[in-house]
Amino acid sequence: PLPGMQHKYRETVLFFPAQGQYCHSYCTFCFRWAQFVGKATRFNSNDADQLHRYLAQHKEVTDLLVTGGDPMVMRTRKLAHYLEDLLKPEFEHIKTIRIGTKSLTFWPYRFITDPDADDMLRLLERLVAGGKHVSIMAHLNHPNELRTEVCQEAIRRLRATGAQIRCQAPLLKHINDDPDVWASMWEKQVQLGMIPYYMFVERDTGAKRYFEVPLERTWEIFQKAYQQVSGIARTVRGPSMSAGPGKVEVQGVTEIAGEKVFALRFIQGRNPDWVQRPFFAKYDPDATWLHQLKPAFGEEKFFFEDEYSKMAAMD
Ligand SMILES: *Cc1c(COP(=O)(O)O)cnc(C)c1O
């Protein structure tokens, strides 16, 4: 294990730059909440050499995901220090650079009037020109966030660099627990040239109870929203739980041989072989997270449990 990095899924390394472990706002539903209220040790790195050494040695990695906090609170110069070297031949296997951010809503000026706004756009352009797929992973919870002229200007400027913008958000009670909100958000994203990517299930953080939505309802909201949009917006996946064993998608509630069950699949797995295998849990109207689910059909364990326990013991 290296400080400030997480390599959970074979093809993607998460990097937490020290200067990016802050955010424009501290959302109480954020899964980084523990980090901000001092309940978790700060998980970060300012060691670009270590990042580069690790990536150079791990040819199986195709994606670097820079996350936080919010890496867009960093000065461009700092971000360039981590990213620019990836254009060298020894990093040819790194095809995609993702940057997770809430800045399109909370500080779109990052790409317009900040003193180094243009430098940031030029940096993204250089990465694209050097052959990288650059994806801004935008956190957007509600279509209203996309209404302001300044937000739309930031989107235009980012897109002009050749970067893509993919959109992701948790499903939050009181905020976006309504299929129409998601459908209009995805449509608006497509209209503005962005790509709907993930709907997440609210994670088990400090203030979870206020925001949480039962899994059955998350699926209903997803399904009813998905049914309203054309295939162009159906690039979105979810509702997805980012749990220990992997990202688990709730595919629906159905009945098999007289038993009511949740149909589930791994979108990502600690073992890549788990991905895209359907599995089933007993229907539970109150369940809000994977650990509350029990295997269906009288089985004792889910298919991945023994293997996952061994992995977890070694972490
Ligand atoms: C979601 C996630 C990724 C990226 O998964 P994709 O399916 O490629 O979007 C990588 N690492 C971790 C720890 C994640 O939670």
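Conventions and cut-offs
- Residues numbered from 1 in each chain as written.
- Predicted model: local features only at pLDDT ≥ 70, side-chain atom pairs only at ≥ 80, totals over all residues.
- Heavy atoms only, no water.
- 1 Å grid on protein atoms, 1.4 Å probe; cavity = no way out; pocket = protein on both sides within 12 Å on 5 of 7 lines; lining within 4 Å.
- Points joined across faces, edges and corners; volume = space filled by probe spheres on them.
- Helix = DSSP H or I, 4+ residues; strand = E, 2+ residues; numbered from the N terminus.
- Pairing = 2+ DSSP bridges.
- Axes fitted to C-alpha atoms, helices over the stretch in contact; angles between N-to-C directions.
- Contact = heavy atoms within 4.5 Å.
- Core = buried A, V, L, I, M, F, W, Y, C linked by side-chain atoms within 4.5 Å.
- Buried < 20%, exposed > 50% of the residue type's maximum accessible area, 1.4 Å probe, protein only.
- Near = heavy atom within 4 Å.
- Polar contact = N/O pair within 3.5 Å; in protein donor to acceptor, adjacent residues only side chain to side chain.
- Areas by Shrake-Rupley, 256 points an atom, 1.4 Å probe, with all protein chains shown as cover.
- Nonpolar A, V, L, I, M, F, W, Y, C, P; charged D, E, K, R; others polar.

Visitor: Would you mind going over empty space enclosed by the protein in detail, with residue names and values included?
Guide: One simple way to see leftover space: roll a probe sized like a water molecule over the atoms. All chains considered together, the criterion is met by 1 cavity of 30 Å³ or more. Approximately 30 Å³ is the volume found for the largest cavity. L140, C167, Q168, A169, W182, M185, W186, Q189 and Y198 are the residues that line the largest cavity. If you list the elements that add at least two residues to the lining of the largest cavity, you get β6 (164–171) and α7 (179–191). Among the elements that make up the lining of the largest cavity, the one with the highest residue count is α7 (4 residues).

Visitor: Let's hear about the sheet that holds β6: which residues, and what values?
Guide: The strand order across the open sheet formed by 11 strands is β1-β2-β3-β4-β5-β6-β7-β8-β9-β10-β11, and the pairing between neighbours is mixed. The open sheet is flanked by β1 (5–9) and β11 (279–282), the only strands paired with a single partner. Averaged over all pairs of adjacent strands, the angle between their axes in this sheet comes to 30°, without regard to strand direction. On top of the sheet, helix α5 (residues 117–129) reaches β4 (96–101) and β5 (133–139); it is set at about 135° to β5, its chief contact. Relative to the sheet, α7 contacts β6 and β7 (195–201), its axis offset from that of β7 by approximately 150°.

Visitor: With reference to specific residues and values, describe the nonpolar core.
Guide: It is characteristic of soluble globular proteins that their nonpolar side chains tend to be buried jointly. Counting residues in hydrophobic clusters, the biggest one holds 56 residues, and the most contacted among them are L64, L83 and L104. Considering every element that reaches this core, the biggest residue donor is α5, with 5 residues. If we ignore the near neighbours within four places in the chain, the residues touching L83 are L64, V66, I97, I99 and L127. W219, V253, F266 and A281 belong to the second largest nonpolar core, which has 21 residues in total.

Visitor: Account for the site of the ligand, naming residues and giving values.
Guide: Looking at the ligand, the residues that line it are Q6, K8, Y9, T12, L14, R98, Y197, Y198, K247 and Q268. In this structure, an oxygen atom belonging to the ligand sits 2.7 Å away from a side-chain N or O atom of Y198. Its free accessible area being 390 Å², the ligand has 87% of it covered by the protein chains. Listing elements by their share of the shell around the ligand, those giving two or more residues are β1, β2 (12–15) and β7. Among the elements that line the shell around the ligand, the one with the most residues is β1, at 3 residues. Partitioning the shell around the ligand into residue classes produces 4 nonpolar, 3 polar and 3 charged.

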